[in-house]
Amino acid sequence: MSEPLKSYRVYCYDGSSLDLLSVDTIEAAGDTEAIALAEAAGFGDKCEIWDGERLVAQLSGQRRTG
């Protein structure tokens with residue numbers, strides 16, 4: 001039986017000024033899957049993944065275009 005999905009919030013910031021650019025929600029079975037989904041989505045240069053009040057991960061990467 002699979003685990004129920006949890007909602008994670010993904011906050012993405014501008015890389016230079018750290019202004020909040022977007023807030024998204026992803027559904028995942030756990031932290032590892034949430035990180036993989038956020039990385040695959042290419043949300044932004046600097047993102048944080050949160051599970052409630054718990055910081056799961058901070059990501060740095062390139063925003064995908066097109």
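A. Focus on the pairing of strand β1 (residues 6–13). Pairing geometry for β1 and strand β2 (residues 20–28), over eight bridges, is antiparallel. Residue pairing across strands places Cys 12 opposite Ser 22, the latter belonging to β2. Pairing of β1 with strand β3 (residues 46–51), which is carried by five bridges, proceeds in the antiparallel orientation. Bridge assignment links Cys 12 to a residue of β3, and that residue is Cys 47.

B. Layout of the pairing of β3. In terms of strand pairing, β3 meets strand β4 (residues 54–60) through six bridges, oriented antiparallel. Residue Glu 48 lies in a different strand from β4, and its bridge partner there is Gln 58. Between β3 and the antiparallel strand that follows it, β4, lie two residues; Gly 52 among them carries a positive phi value of about 65°.

Thresholds, definitions, all that
Per chain, residues are indexed from 1 in the order of the written sequence. In keeping with the predicted nature of the model, local features appear solely for residues at pLDDT of at least 70, side-chain atom pairs appear and are counted solely at 80 or more, and the whole-chain, interface and lining totals rest on all residues. Excluding hydrogens and water, the side-chain values take into account all heavy atoms of the structure. Whether two strands pair depends on DSSP finding at least two bridges between them. Strands are runs of DSSP state E lasting at least 2 residues, helices are runs of H or I lasting at least 4, and numbering of each runs from the N terminus.

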